[in-house]
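# Structural characterization, general
The primary structure of each chain is shown beneath.
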Amino acid sequence: MDMKQLYEQRLARFDDVMNRRIPDRVPIIPNMGTWMYFVSGVSIRRAFLEDPNEIFNAAKYVADRVPMDVLMSTSNTIPVAMANRLGEGAYVVNDNGVQIKGSSGHLMEPQEYPLLQQDPLRFFANVLIPRKFPAIREADPEKKVEIIKQAYKDFTEYCAYNAKADQRIETELGLPLFCCGTNFLSPDVVLDYLRDFVGISLDVRRHSADLLAACESLYDFILNMFFETATPPNRKTIFSPLHLPTYLRPKDFAKLYLPFMKRYIEELAVKRGYSVYFFMENNWMPYLDLLEALPQNAKFVGLFETGDLAEIKRRLGDRIIVMGGMPVSLLSFGTREQIIDKAKELLDTLAPGGGYIFSTDKTLLTPGDGTIENVAAACEYVAVHGKY
């Protein structure tokens, strides 16, 4: 089988699951991050900043040893040159990864919610961007234009750099990339970029009406911006990390988050044909009743960090394609026999009827997150015994 045929076979396996069909076997998508650079001996600094072929080399090293159908990510997710040009914090890339110093997610105060609600674009352009980026705030008008032009050039060069690595991975390894874009739900934008954790925690209790109204306006703004710039629906996913939900009480989740989650899935994964991938952080078991409000049979996969995946699939399998299950802790400290026993358990409980993607429960980031021998053992077992 040549690489083009292998690529199509792997992508078809994933595509079957996303379209609620039973594939030839359970897809294998280990949730690998910067771990692949450590185990391959490839310099992260060199891979991210100097030579995209080093990204390919790390991916090839792992793909030659670990059976997988899709590569989750190359992990080069921050346009460092652009960020440093704009002057908010210091982004340093070394062989331990990317370190961010001086950046803050507390960018606005609660009394500014009405301004955000009234006109998100104007508020971002005239208030938040100058507030966040000293290089823009402190420059004269002509200089601001030049900085923005150069920052845009930095970003396009970053995209082209990653594209070189992605193209080699897909064509030479026959290995599809999991995502074709990233997008955020509006409450997570408020948490991550505008109010930070302490701020939004206070707002949920003291300014919930203003927070909800601002998220409504911000939701439309984010979605419109996404559709203006995104690629058309294809056989890959739109990635959205869910950071806020599990820090909310169920009643607050039902009011402040679930409506946006439901509308997002309906718009992207039902109406427009995108495949949506949510990284479901922390424990979602207290929210299962509420999640029954999500649309059925959508192209929507959730990777769960923790919880009873068998119960989640039993109750929500017609709404969420379940992904995950293999504990990173076991890949770090378990024996080969323990890892195979766990992989067998996951196949026995989650594979029947389809709707399951084998993966790790958390992202593999550091060398301590698992030996390559243990990761390979788990994936090899699924590749052989996960057939339908």
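That block above? That's the structure.
Read on for an overview of the structure. (Residues numbered from 1 in each chain as written. Predicted model: local features only at pLDDT ≥ 70, side-chain atom pairs only at ≥ 80, totals over all residues. Heavy atoms only, no water.)

## Digging into the packing of helix H10 (residues 186-194) against helix H12 (residues 208-229)
Remark: H10 packs on H12, axes separated minimally by 8 Å, with the N-to-C direction vectors making an angle of 100 degrees. Between H10 and H12, the crossing angle belongs to the class labelled roughly perpendicular. Along its contact with H10, which presents Ser186, Pro187, Val189, Val190 and Leu194, the element H12 presents Leu211, Cys215, Leu218, Tyr219 and Ile222. Residues that form the contact of H10 with H12 fall into these classes: 9 nonpolar, 1 polar and no charged. (Axes fitted to C-alpha atoms, helices over the stretch in contact; angles between N-to-C directions. Helix = DSSP H or I, 4+ residues; strand = E, 2+ residues; numbered from the N terminus. Parallel < 35°, antiparallel > 145°, perpendicular 65-115°, else oblique. Contact = heavy atoms within 4.5 Å. Nonpolar A, V, L, I, M, F, W, Y, C, P; charged D, E, K, R; others polar.)

## Notes on the layout of surface pockets
If you add up the space inside the second largest pocket, you get close to 170 Å³. Every residue lining the second largest pocket is listed: Phe48, Leu49, Asn76, Ile78, Pro79, Val80, Ala81, Met82, Asp154, Glu157, Tyr158 and Tyr161. Those elements that provide at least two residues to the lining of the second largest pocket are helix H3 (44-49), helix H5 (80-86) and helix H9 (141-172). At 4 residues, the largest contribution of residues to the lining of the second largest pocket is made by H9. Among the residues making up the lining of the second largest pocket, the classes are represented as 9 nonpolar, 1 polar and 2 charged. (1 Å grid on protein atoms, 1.4 Å probe; cavity = no way out; pocket = protein on both sides within 12 Å on 5 of 7 lines; lining within 4 Å. Points joined across faces, edges and corners; volume = space filled by probe spheres on them.)

## Focus on helix H19 (residues 372-385)
Here H19 spans 20 Å end to end across 14 residues, near enough to the 20 Å set by a 1.5 Å rise per residue. A large share of H19 lies buried, amounting to 10 of its 14 residues. Among all positions in H19, only Ile372, Asn374, Val375, Ala376, Ala377, Ala378, Cys379, Tyr381, Val382 and Ala383 are buried. (Expected span 1.5 Å × (residues − 1). Buried < 20%, exposed > 50% of the residue type's maximum accessible area, 1.4 Å probe, protein only.)

## Side note on the pattern of salt bridges
Close approach of charged atoms allows side chains with opposite charge to pair. By the definition in use, this model includes 32 salt bridges. Taking the shortest distance from any N to any O, the salt bridge between Asp64 and Lys60 comes out at 2.8 Å. Here Asp64 falls in the partly exposed class, since its relative accessible area comes to 49%. Classification of Lys60 by relative accessible area gives partly exposed; the value is 35%. By sharing partners, the salt bridges in this structure join Arg45, Arg46, Glu50, Asp51 and Glu54 into a single network. (Salt bridge = Lys/Arg side-chain N within 4 Å of Asp/Glu carboxyl O.)

## Observations concerning the side chain of Asp252
With respect to the helices and strands, the residue Asp252 is situated in helix H13 (residues 250-256). For Asp252, a relative accessible area of 9% corresponds to the buried category.

## Focus on unusual backbone geometry
For Ser75, which is not a glycine, the phi torsion comes out positive at approximately 75 degrees. Along the chain, Ser75 turns up in the loop between helix H4 (52-63) and H5. Take Ser75: its relative accessible area is 15%, and that puts it in the buried class. The residue Asn282 is not glycine, and still its phi comes out positive at about 65 degrees. Note that Asn282 resides in the loop between strand S5 (275-280) and helix H15 (288-291).

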